[in-house]
Amino acid sequence: MARKKIENLSFEDSLNELEQIVQNLEKGELSLEDSMALFERGLGLSQVSQTKLKEAEQKVQILMDNKGVSKLEDFNYDENA
């Protein structure tokens with residue numbers, strides 16, 4: 001079965017494939033060549049996924065700025081509050 005190009009995968013599909021790659025690598029049953037090929041694809045999946053997340057965050061920020069909503073802030077959970 002031919003794999004889709006990384007950039008054509010949805011974010012969710014990328015994460016699912018990345019999870020499968022990690023599981024296969026952790027088993028330790030692959031040849032060095034197969035392990036390296038999976039590792040390389042995993043790096044690509046990770047990079048594309050990070051880019052998609054950053055783009056989504058930027059879109060949210062633009063929407064919030066356009067609506068006059070305050071900027072996003074880090075969530076700080078204080079158990080004592």
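None of the values given here were measured: they were computed from a predicted structure.

Here is what the cut-offs are and how they apply
- Residues numbered from 1 in each chain as written.
- Predicted model: local features only at pLDDT ≥ 70, side-chain atom pairs only at ≥ 80, totals over all residues.
- Heavy atoms only, no water.
- Core = buried A, V, L, I, M, F, W, Y, C linked by side-chain atoms within 4.5 Å.
- Buried < 20%, exposed > 50% of the residue type's maximum accessible area, 1.4 Å probe, protein only.
- Contact = heavy atoms within 4.5 Å.
- Helix = DSSP H or I, 4+ residues; strand = E, 2+ residues; numbered from the N terminus.
- Salt bridge = Lys/Arg side-chain N within 4 Å of Asp/Glu carboxyl O.
- Patch = residues over 30% accessible without salt bridge, like charges linked within 9 Å, V, L, I, M, F, W, Y side chains within 5 Å.
- Areas by Shrake-Rupley, 256 points an atom, 1.4 Å probe, with all protein chains shown as cover.
- Axes fitted to C-alpha atoms, helices over the stretch in contact; angles between N-to-C directions.
- Parallel < 35°, antiparallel > 145°, perpendicular 65-115°, else oblique.
- Left-handed = near helix turned anticlockwise from the far one by under 90°.
- Nonpolar A, V, L, I, M, F, W, Y, C, P; charged D, E, K, R; others polar.

Draft legend 1. Spatial organisation of the nonpolar core. In this structure, Ile6, Leu9, Ile21, Leu38 and Leu45 together form the largest nonpolar core, which totals five residues. Beyond its immediate stretch of four places on either side in the chain, leucine 38 contacts Arg3, Ile21, Asn24, Leu25 and Leu30.

Draft legend 2. Just the side chain of serine 49, in detail. One can find serine 49 in helix 2 (residues 32–66). Looking at serine 49, the relative accessible area reads 6%, which means it is buried. Residues in contact with serine 49, not counting those within four places in the same chain, are Phe11 and Ser14.

Draft legend 3. Molecular detail of the pattern of salt bridges. Taken as a whole and assessed by the stated rule, the structure comprises one salt bridge. One salt bridge in this structure joins arginine 41 and glutamate 17, with 2.4 Å as the shortest N-O distance. Taken together, the positions of arginine 41 in helix 2 and glutamate 17 in helix 1 (residues 11–27) put the pair 24 residues apart, joining distant regions of the chain. By relative accessible area, which is 14% here, arginine 41 ends up buried.

Draft legend 4. Spatial organisation of a nonpolar patch on the surface. There is a patch of nonpolar side chains on the surface, built from Leu32, Met36, Phe39 and Leu43 and spanning about 430 Å² of accessible area. Among the secondary structure elements, leucine 32 is positioned in helix 2. Leucine 32 gets classed as exposed once you look at its relative accessible area, which sits at 61%.

Draft legend 5. Fine view of the packing of helix 1 against helix 2. Relative orientation of the contacting elements helix 1 and helix 2 amounts to 150°, with a least axis distance of 9 Å. Overall, the two elements helix 1 and helix 2 adopt an arrangement that is roughly antiparallel. Handedness of the helix 1/helix 2 crossing: left-handed. For the pair helix 1 and helix 2, the contacting residues are Phe11, Ser14, Glu17, Leu18, Ile21, Asn24 and Leu25 in the first and Ser35, Leu38, Phe39, Arg41, Gly42, Leu45, Ser46, Ser49, Lys52 and Leu53 in the second. Counted by class, the contact of helix 1 with helix 2 contains eight nonpolar, six polar and three charged residues.

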